[in-house]
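The residues making up each chain are set out below.
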Amino acid sequence: MNTISTLWRIHTPFLFFMGFCLSVGLWIYRDFGLSHDEVTQRTTGAMAAVYANQKLGYVFLSEEAIRKRAEKIVEDPRSIDKYLGKTGFNEYRDRDYGVVFELFLIGAEVVSGVKDSADVYFLRHLLTYLFFLVGLAFFYLLLWEWLQNRWWALMGAVFLYLSPPIFAHAFFNSKDIPFMVAYLGSMYTLQRLLRNKTFANAFWHALMCAIAVDIRIPGIFMPGMTGLMVGLEFLKAPAPMGYLKQHMRIYTAYAIMLVAMIVLFWPFLWEAPFKNFLFAFSNMSKFRWNGQTFAFGHVFEPYLYTPWYYIPIWIIATTPLLYILAFFYALFLAIQRAVKAPDGQWLYDTPAWQTLLMCIGASILPLTAVVVLGSTVYDGWRQLYFIYPGILASAVYAMHHLFEQVRSRPLVWTIALTAILSSTVVTTAFRMFKLHPFQHLYFSSIVGDDPGRYFDLDYWGTSYRKLLENMASSSKEELQQRPLVVWADEFSAKVNLQGLPAEVRRNFRFADSLHQADYYLTIFRGRLPDGSFALPDSLINRNAPVAEVWVDGRIRTAAAFKVNKR
């Protein structure tokens, strides 16, 4: 009982912080638009659930119940018979996606009984955000056990929460944020396993690694990191063979449980685990996407060429500057220590340095692999959000180290550093408040006042929801006669229509082509070679929008134009 009360007293500040985060999420989770992939993600989860249910003998839902739900989920109703057939899943294009989190969301949808599409997607937003809060807890515990200081652990959790793009994606991105959380959880469980090699810790680490892999295939980096850390421990052990004898059973059990749970949580692997895993790995290492992206003021095709600096610059441009500078200081500390101890013992002379090595490796190695392999990355750096906790944890360690160093100096040093830390928290929180619900459009001050000159903005089209709402409220007279006939280049416009109340959805009809529409909607995604926005000027007047969405009073993310009929 005393232990429980002691832990409660130690972690009370963090628990209050989590209560605040929960309250914020419950207050605003319906504010965000829908991302381009949400319908596809839901369909993929539903397809995998149907497949798993068939394989398990319809233990969860009958065929008839599945068919009724499929009519509301599958994008093309004409394909329902094909999708619900015994081989439907094997013909589904995205069958190789990891679906463990999507299965959870589909299960929650079924259990909750929500029917309207808007309610379904907002339920998904809320649950994705709650899973992000689980990640906050993992991050806090990782730092607390690492630094042995609850205040620095709490500060790290605050920094993770005040990471604007991560915060917004925590609602509408059911791929990259859950993957980041699972990857972070596997970092925490690896730290525990390295410090206390028990079968229980091996199980929890295997579980978190399996969940990470079964959300996105790059989760395989964490079992690789586990092997690397164990290998380094083996090499530095005074008696390597004794180390093997002492710990071989633990790591063998970890490997067996890892493989078993990866297969268990991923229905696509059930029929042919090894073959299908290699198929998924091959597809994801060079992803099937052949679009264009805009970054650094240039248009290029990531499937043909991605510059090595693409991800690093995106990270620097969209992350508060203090976090980035502190991470580089952490790298400096690691390199400095390596130079001073060339025998390699610096890697493991303390558990703290061991964790720093893990955090740096968990972020730098995947980034290096993407650069070396020329992997297809696009839409900012969302596909590598999973490396961010390692970057931020290293940064927090560096800040903690710096504060410890200045304690022996005049008090003004501590006051100055505290002021920098506090101002970062306050200004970042204020910027996020002003950007709401478009925190994913945050850019560091180093980018300037017009980030659209250099980077893609709302590439997932969440601002279409606000645009549709603005059009409905400003076209009441026209809506009394008939629905607004609209057309957009991006599928995300139709996706966001599903996130509106039913009475608002009835006000719109999407045409099959721009020539058949009365209004052209855009999020300014398309670019000409010179970086200017590609708009159908022959059919619209780009200087006379009928509705717009502005973020922070200076960033135009969406607009609607009247189509000139000829």
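Source: prediction; values computed, not measured.

S.K.: Would you take a moment to explain the overall build of the protein chain for this structure?
M.R.: Across its full length, the protein chain holds 22 helices and 7 strands. Rg of the C-alpha trace for the protein chain: 25 Å, near the compact-globule value of 24 Å for 566 residues, within the 12% margin. Overall, the protein chain is about 80 × 65 × 50 Å in size when its C-alpha atoms are taken along their principal axes. Taken as a whole, the protein chain presents about 25,300 Å² of accessible surface, with 63% of it coming from carbon and sulfur. Between the centroid of the 51 positive side chains of the protein chain and the centroid of its 42 negative side chains there is a distance of 5 Å.

S.K.: Teacher, can you tell me more about the nonpolar core here?
M.R.: Judged by nonpolar contacts, the single largest core of 165 residues is most densely connected at Tyr129, Phe132, Leu136, Tyr161 and Leu521. A total of 17 residues in this core trace back to one element, the largest contributor, which is helix 6 (residues 117-147). Once residues lying within four places of it in the same chain are set aside, the contact partners of Leu521 are Tyr464, Leu467, Leu468, Met471, Val486, Trp487, Ala488, Asp489, Ala559 and Ala560. One finds Trp487, Ala511, Leu514 and Ile540 within the second-largest nonpolar core, a separate group that totals 13 residues.

S.K.: Even after reading the chapter, I still don't get the pairing of strand 6 (residues 545-551), so can you show me in this structure?
M.R.: Within a regular strand, side chains alternate between the sheet's two faces. Pairing of strand 6 with strand 7 (residues 555-562) involves 6 bridges; the strand directions are antiparallel. Within strand 7, the residue paired with Trp550 across the bridge is Arg556. What sits between strand 6 and strand 7 in their antiparallel hairpin is a turn of 3 residues, with Asp552 showing a positive phi close to 60°.

S.K.: Please clarify how the packing of aromatic side chains should be interpreted in this entry.
M.R.: Aromatic ring pairs are reported here in terms of the distance separating the ring centres and the angle at which the planes meet. Scanning the model with the defined rule gives 43 aromatic pairs in all. When the centroid spacing of 4.9 Å and the interplanar angle of 45° are considered together, the rings of Phe159 and Tyr323 count as tilted. Of this pair, Phe159 sits in helix 7 (residues 150-161) while Tyr323 is found in helix 15 (residues 321-340), placing the two residues 164 residues apart along the sequence. The same class applies to Phe159 as to Tyr323, namely buried. Look at Trp487 and Tyr520: their rings are 6.2 Å apart centre to centre, the planes differ by 25°, and that puts the pair in the stacked class. One end of the pair, Trp487, is in strand 3 (residues 484-488); the other, Tyr520, is in strand 5 (residues 519-522), with 33 residues separating them in the sequence. The class for Tyr520 is buried, based on a relative accessible area of 1%. Taken together, the ring pairs connect Phe14, Phe17, Phe32, Tyr129, Phe132, Tyr140, Tyr161, Phe167, Phe171, Phe172, Tyr459 and Trp460 into an aromatic cluster. In this structure, Arg42 packs its charged tip against the face of Tyr121, placed 5.4 Å from the ring centre. The ring of Trp413 carries the charged tip of Arg409 above its face, separated from the ring centre by 5.3 Å.

S.K.: Help me understand the pattern of salt bridges, please; the structure alone is not making it clear to me.
M.R.: Oppositely charged side chains can pair when the atoms bearing their charge come close. Applying the stated criterion across every chain yields a total of 20 salt bridges. Linking Asp552 and Lys434 is a salt bridge whose minimum nitrogen-to-oxygen distance equals 3.3 Å. Note that Asp552 is positioned in the loop between strand 6 and strand 7 and Lys434 in helix 18 (residues 411-435), a separation of 118 residues in sequence. Connected via shared salt-bridge partners are Asp176, Arg216, Asp379, Arg382, Asp456 and Arg525.

S.K.: Would you take a moment to explain the environment of Val377 for this structure?
M.R.: If you trace the backbone, Val377 turns up in the loop between helix 16 (351-373) and helix 17 (388-406). Val377 gets classed as buried once you look at its relative accessible area, which sits at 2%. For the pair Val377 and Tyr303, spaced 74 residues apart in sequence, the C-alpha separation works out to 7.9 Å. When neighbours within four sequence positions are excluded, Val377 is seen to be in contact with Pro302, Thr306, Tyr310, Ile311, Val370, Gln383 and Leu384.

S.K.: Looking at this structure, I do not really get helix 7. What am I missing?
M.R.: Three- or four-residue spacings in an α-helix give side chains the same orientation, since the helix completes a turn every 3.6 residues. Along its 12 residues, helix 7 runs 16 Å from first to last C-alpha, staying within 8% of the 16 Å computed at 1.5 Å per residue. Buried residues of helix 7: Trp152, Ala153, Leu154, Gly156, Ala157, Val158, Phe159, Leu160 and Tyr161, and no others. The N-cap residue of helix 7 is Asn149: its side-chain oxygen and the backbone nitrogen of Trp151 are 2.9 Å apart.

S.K.: What is the right way to read the state of the cysteines from this model?
M.R.: Among covalent bonds in proteins, the disulfide is the one between the sulfur atoms of two cysteines. What the rule picks out here adds up to 0 disulfides. Looking at Cys209, it has no disulfide partner, and the nearest cysteine sulfur is the one in Cys359, 14 Å off.

S.K.: Would you explain the sheet that holds strand 6 in this entry?
M.R.: Backbone hydrogen bonds hold the strands of a sheet together, and the pairing may be parallel or antiparallel. Reading across the sheet, the 5 strands line up as 4-3-5-7-6 and stay open at both edges, with mixed pairing between neighbours. Looking at the sheet topology across the chains shown, the edges are occupied by strand 4 (508-510) and strand 6. Taken over all neighbouring pairs, the strand axes of this sheet differ in orientation by 25° on average, direction set aside. Pairing of strand 3 with strand 5, which is carried by 3 bridges, proceeds in the parallel orientation. If you follow Val486 over to strand 5, its bridge partner there is Tyr519.

S.K.: Explain helix 18 here, please?
M.R.: Compared with the 36 Å implied by 1.5 Å per residue over 25 residues, the 36 Å span of helix 18 between its first and last C-alpha is a close match. For helix 18, the set of buried residues is Leu417, Leu421, Thr424, Thr428, Met432 and Leu435. Lining the buried residues of helix 18 we find helix 7, helix 8 (164-172), helix 15, helix 17 and strand 6.

S.K.: Help me understand a nonpolar patch on the surface, please; the structure alone is not making it clear to me.
M.R.: On the surface, a nonpolar cluster with roughly 610 Å² of combined accessible area is contributed by Trp308, Tyr309, Ile313, Val371, Val372 and Leu373. Per element, the largest residue contribution to the nonpolar patch is 3 residues, and it comes from helix 16. Inspection of the secondary structure assignment puts Leu373 in helix 16.

S.K.: What is the right way to look at the environment of Ala362 in this model?
M.R.: Residue placement: Ala362 occurs in helix 16. Residue classification places Ala362 among the buried positions, given a relative accessible area of 1%. Sequence separation between Ala362 and Ile387 is 25 residues, and the spatial gap between their C-alpha atoms is 6.5 Å. Other than its neighbours up to four places away in sequence, Ala362 contacts Tyr183, Met187, Met222, Met225 and Ile387.

S.K.: Is there a simple way to explain the confidence of the model for the protein chain in this structure?
M.R.: Regions with low pLDDT carry predicted coordinates that are not meant to be interpreted in detail. Mean pLDDT over the protein chain: 88, with 92% of residues reaching 70 or higher. Of all secondary-structure elements in the protein chain, the lowest mean pLDDT belongs to helix 4 (residues 80-84), at 59, while helix 10 (residues 199-213) reaches the highest, 98.

About the cut-offs
Residues numbered from 1 in each chain as written. Predicted model: local features only at pLDDT ≥ 70, side-chain atom pairs only at ≥ 80, totals over all residues. Heavy atoms only, no water. Helix = DSSP H or I, 4+ residues; strand = E, 2+ residues; numbered from the N terminus. Rg over C-alpha atoms; globule rule 2.2 N^0.38 Å. Areas by Shrake-Rupley, 256 points an atom, 1.4 Å probe, with all protein chains shown as cover. Lys, Arg positive; Asp, Glu negative; His and termini not counted. Charge placed at Lys NZ, Arg CZ, Asp CG, Glu CD. Core = buried A, V, L, I, M, F, W, Y, C linked by side-chain atoms within 4.5 Å. Buried < 20%, exposed > 50% of the residue type's maximum accessible area, 1.4 Å probe, protein only. Contact = heavy atoms within 4.5 Å. Pairing = 2+ DSSP bridges. Phe/Tyr/Trp six-rings, centres within 6.5 Å; stacked < 30°, edge-to-face > 60°. Lys NZ or Arg CZ within 6 Å of the ring centre and 35° of its normal. Salt bridge = Lys/Arg side-chain N within 4 Å of Asp/Glu carboxyl O. Expected span 1.5 Å × (residues − 1). Polar contact = N/O pair within 3.5 Å; in protein donor to acceptor, adjacent residues only side chain to side chain. Disulfide = S-S within 2.5 Å. Axes fitted to C-alpha atoms, helices over the stretch in contact; angles between N-to-C directions. Patch = residues over 30% accessible without salt bridge, like charges linked within 9 Å, V, L, I, M, F, W, Y side chains within 5 Å. pLDDT = per-residue confidence, 0-100.

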